[in-house]
Amino acid sequence: MDIKEGINRREFLGKTALGLGVASSSLAWASGSGNPNVLALKGGTPVRTKPFPSWPETAEIDEKNILKSLRNHRWCTYDGEFIPRFEKAWAQRVGTAGCVMTPCGTHALHMALTLLDVSPGDEVIVSPYTYIATIQVILLNYALPVFADTDLSTFQIDPHAIEHRITEHTRALLPVHIFGGSANMDKILPIARKHNLPVIEDACECHTAEWRGKRLGSLGTIGCFSFQETKVLPGGEAGALVSNNKDLIAKAYSFRDFGRDLKHPTHYKIRGTKYRISDFAAAVLMAQLTRFDELTAKREKHAAYLKAELEKIPGIMPQEHYAESTRQTYLEFAFRYDRRHFSGISREQFAKALQAEGIPVGVTYHPLNKDPFIEDALNSRGYRRVFSKQRLDRYREQNHLPHNDELCATELGMDQHVLIGPQQDVDDIIEAFHKVSKNAAALA
Ligand SMILES: Cc1ncc(COP(=O)(O)O)c(C=O)c1O
């Protein structure tokens, strides 16, 4: 989630979850007084004063599992009870031959790149519309993240922007399935096959979402998941690498433990590091799995209704999904905002108006391809040693993504927990959007 914007959603949610009310700019919400037909920002009564369900949520079984793990004194990766149980359960859910837990999704991505031998001087074609982790792991391996522009309607990597970016240096494709929807795998997989490139699916935001009935993470060479606490399957901080390639799974177990030979534990066969985890996250994840299907179905149902209602409002364009995207799991309900239909008020004003009505709307991602960390890497001693000046200059010249820029300038979203309460929660969201739409001129 983006923390650059003044209207950041996480900060807003934190306040509401803690029952601390809302930003000082919208005291009307706290007072609940005034005219319901007047915007809360202008002193009217807000549509909603009740917080949405907080996240992550827990139940008795979470506490039972944590206590069990604590009391059995088997806390680490070698002897933890829940780690192998979760790895087996998640591989089954996703439909892969294996699953290796990692400390977080970022580590799963880093391990995937390293196992596929993404090395200094290589290039990886990647979605620019993502969380920073997807890009940083490429830079960690001294490779170039080659951005393919974003499809404006689905917010996914534009499959038509991939093939012409492939060069002799391309080592892998790294599409990100964004917000619980799927990238266009019918287009991406044939390109990968044609050029003999592995596909790493960043499925960190898509837990059991599907493409043509197959679970995301199982279609490419490797899939990577995050179970960080904001995710729809939260375990605090945790991640996993999945694959149908048993050799890669064996290597992942080995890499996670300093390259240890699993058959001869005193031998170290490959380079590796310590990406082992504690059993507690797995204990929580096993508990969360018991409620996961029910919550996922609720999100799907509420998101479909919300989408159908919000797209009736001129200037609100919810994220679309490809026809082959047979299941979306909605980490976030996102949409594009067109100010021309709202008396010209800025996206920030629109979001503030909704926040004052009690709806936690905010900006998600900014254009990562323009972020200073990229230049910092390109100017570093290591990069200048590995890449010629001409290559780096060419990279800079090609680093223009007009559609991604437009998406980042117009997107707003709501975190998934607004979709897990009663139907009334969704009706409140719809009412607030209509109210702000009708009264936008008052803010112009
Ligand atoms: C698309 C994407 N990739 C990677 C990650 C990294 O996962 P983690 O935070 O578990 O390291 C995230 C998590 O926020 C993500 O949303």
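Residues numbered from 1 in each chain as written. Predicted model: local features only at pLDDT ≥ 70, side-chain atom pairs only at ≥ 80, totals over all residues. Heavy atoms only, no water.

Peer 1: I tried to follow the packing of aromatic side chains on my own but got confused; where do I start?
Peer 2: Both the distance between ring centres and the angle between the ring planes are used here to describe each pair of aromatic rings. Applying the stated criterion across every chain yields a total of 21 aromatic pairs. Pairing Trp 90 with Phe 227 gives two aromatic rings, centres 5.5 Å apart and planes at 90 degrees, and the pair type is edge-to-face. Here Trp 90 is found in helix α4 (residues 82-94), whereas its partner Phe 227 is found in the loop between β8 (222-226) and β9 (239-243), with 137 residues between them in sequence. Each member of the pair Trp 90 and Phe 227 is classed as buried. Centre to centre, the rings of Tyr 383 and Phe 387 are 5.4 Å apart; their planes meet at 15 degrees, and the pair counts as stacked. Each member of the pair, Tyr 383 as well as Phe 387, is classed as buried. (Phe/Tyr/Trp six-rings, centres within 6.5 Å; stacked < 30°, edge-to-face > 60°. Helix = DSSP H or I, 4+ residues; strand = E, 2+ residues; numbered from the N terminus. Buried < 20%, exposed > 50% of the residue type's maximum accessible area, 1.4 Å probe, protein only.)

Peer 1: What exactly am I supposed to notice about the sheet that holds strand β10 (residues 316-318) here?
Peer 2: Think of a sheet as strands paired side by side through backbone hydrogen bonds, with each pair either parallel or antiparallel. Ordered in space as β10-β11-β12, the 3 strands form an open sheet in which the pairing is antiparallel. Whereas interior strands pair on both sides, the edge strands pair on one side only; in this sheet they are β10 and β12 (411-415). Strand-to-strand twist across the sheet, computed as the mean angle between neighbouring axes with direction ignored, equals 30 degrees. Along the sheet, helix α10 (residues 347-356) contacts β10, β11 (332-337) and β12; its crossing angle with β12, the most-contacted strand, is approximately 25 degrees. (Pairing = 2+ DSSP bridges. Axes fitted to C-alpha atoms, helices over the stretch in contact; angles between N-to-C directions. Contact = heavy atoms within 4.5 Å.)

Peer 1: Please explain the site of the ligand as it appears in this structure.
Peer 2: Neighbouring the ligand are 17 residues, the closest being Gly 105, Thr 106, Glu 205, Ser 226 and Lys 231. Within the backbone of Gly 105, an N or O atom sits 2.8 Å from an oxygen atom of the ligand. Separating an oxygen atom of the ligand from a side-chain N or O atom of Ser 226 is a distance of 2.7 Å. Protein contact buries 94% of the 390 Å² of open area that the ligand shows by itself. Of all elements in the fold, only α5 (105-115) and α6 (133-140) reach the threshold of two or more residues within the shell around the ligand. The biggest single contributor to the shell around the ligand is α5, with 3 residues. Residues of the shell around the ligand, tallied by class, amount to 8 nonpolar, 6 polar and 3 charged. (Near = heavy atom within 4 Å. Polar contact = N/O pair within 3.5 Å; in protein donor to acceptor, adjacent residues only side chain to side chain. Areas by Shrake-Rupley, 256 points an atom, 1.4 Å probe, with all protein chains shown as cover. Nonpolar A, V, L, I, M, F, W, Y, C, P; charged D, E, K, R; others polar.)

Peer 1: Please explain the sheet that holds β9 as it appears in this structure.
Peer 2: Here 4 strands make up an open sheet; going across it, the order is β1-β9-β8-β5 and the pairing mixed. Each edge of the open sheet is held by one strand with a lone partner, namely β1 (98-102) and β5 (200-202). Averaged over all adjacent pairs, the angle separating strand axes in this sheet is 20 degrees, with direction ignored.

Peer 1: What am I meant to see in the environment of Val 361 here?
Peer 2: Relative to the elements of secondary structure, Val 361 occurs in the loop between α10 and α11 (372-378). Classification of Val 361 as buried rests on a relative accessible area of 0%. In the structure, Val 361 is positioned 27 residues away from Ala 334 in sequence and 9.2 Å away in space, judged by C-alpha atoms.

Peer 1: Help me understand the packing of helix α9 (residues 279-310) against helix α15 (residues 423-439), please; the structure alone is not making it clear to me.
Peer 2: Relative placement of two packed helices is described by the angle separating their axes and the distance separating the axes. Where α9 contacts α15, the two axes come as close as 10 Å, and the packing angle between them is 20 degrees. The pairing of α9 with α15 is recorded here as roughly parallel in orientation. Considering only the axes of α9 and α15, their crossing is right-handed. Facing α9, whose interface residues are His 302, Tyr 305, Leu 306, Glu 309 and Leu 310, α15 presents Gln 423, Val 426, Asp 427, Ile 429, Ile 430 and Phe 433. (Parallel < 35°, antiparallel > 145°, perpendicular 65-115°, else oblique. Left-handed = near helix turned anticlockwise from the far one by under 90°.)

Peer 1: Explain the environment of Glu 163 here, please?
Peer 2: Tracing the backbone shows Glu 163 in the loop between β3 (144-147) and β4 (170-174). Excluding residues that lie within four positions of it along the chain, Glu 163 makes contacts with Ile 191, Lys 194 and His 195. A distance of 2.6 Å separates polar atoms of two side chains, one belonging to Glu 163 and the other to Lys 194. A polar atom in the side chain of Glu 163 sits 2.8 Å from the side chain of His 195.

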